[in-house]
Amino acid sequence: MSAPTPPPRRLPDAPVIQRDGWWWMFSRAGSIPVSDPAFTVVLDAFAQAMAAADRAVADLRTRQSKPCATGEGR
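Here is a short report on the structure shown in this document.

Criteria and thresholds
Residues numbered from 1 in each chain as written. Predicted model: local features only at pLDDT ≥ 70, side-chain atom pairs only at ≥ 80, totals over all residues. Heavy atoms only, no water. Pairing = 2+ DSSP bridges. Helix = DSSP H or I, 4+ residues; strand = E, 2+ residues; numbered from the N terminus. Contact = heavy atoms within 4.5 Å. Axes fitted to C-alpha atoms, helices over the stretch in contact; angles between N-to-C directions.

### Some details on the pairing of strand β2 (residues 16–19)
Two strands pair when backbone bridges link them, and strand β1 (residues 9–10) and β2 are joined in this way by 2 bridges, in the antiparallel orientation. When the sheet's bridge partners are listed, Arg9 is paired in β2 with Gln18. Hairpin connection between β1 and β2: a loop of 5 residues separates the two successive antiparallel strands, and Asp13 in this loop has a positive phi of roughly 55°. As paired strands, β2 and strand β3 (residues 22–27) are joined by 4 bridges and run antiparallel to one another.

### With respect to the sheet that holds β3
Taken in spatial order, the 4 strands of this open sheet run β1-β2-β3-β4, and their pairing is antiparallel. The open sheet has two edge strands with one neighbour each: β1 and β4 (30–33). Against the sheet, helix α1 (residues 37–65) contacts β1, β2 and β3, and its axis sits at roughly 90° relative to β3.

Dropping the structure here:
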């Protein structure tokens, strides 16, 4: 049995998606694989930065939802 395929990664407000380790550009007319190595490096870096930002926001929300140690609220 093979490992489950991870869901595709989308970049917000960008016509690209990463599926099975490959970036694809898409539009209503169809999709094409991104073959330029320099462009894929930039897409990878941007996706990593977006994931880090998402984790930081989630962490901040978690911290804000916890009551203060003094019991005074936020």
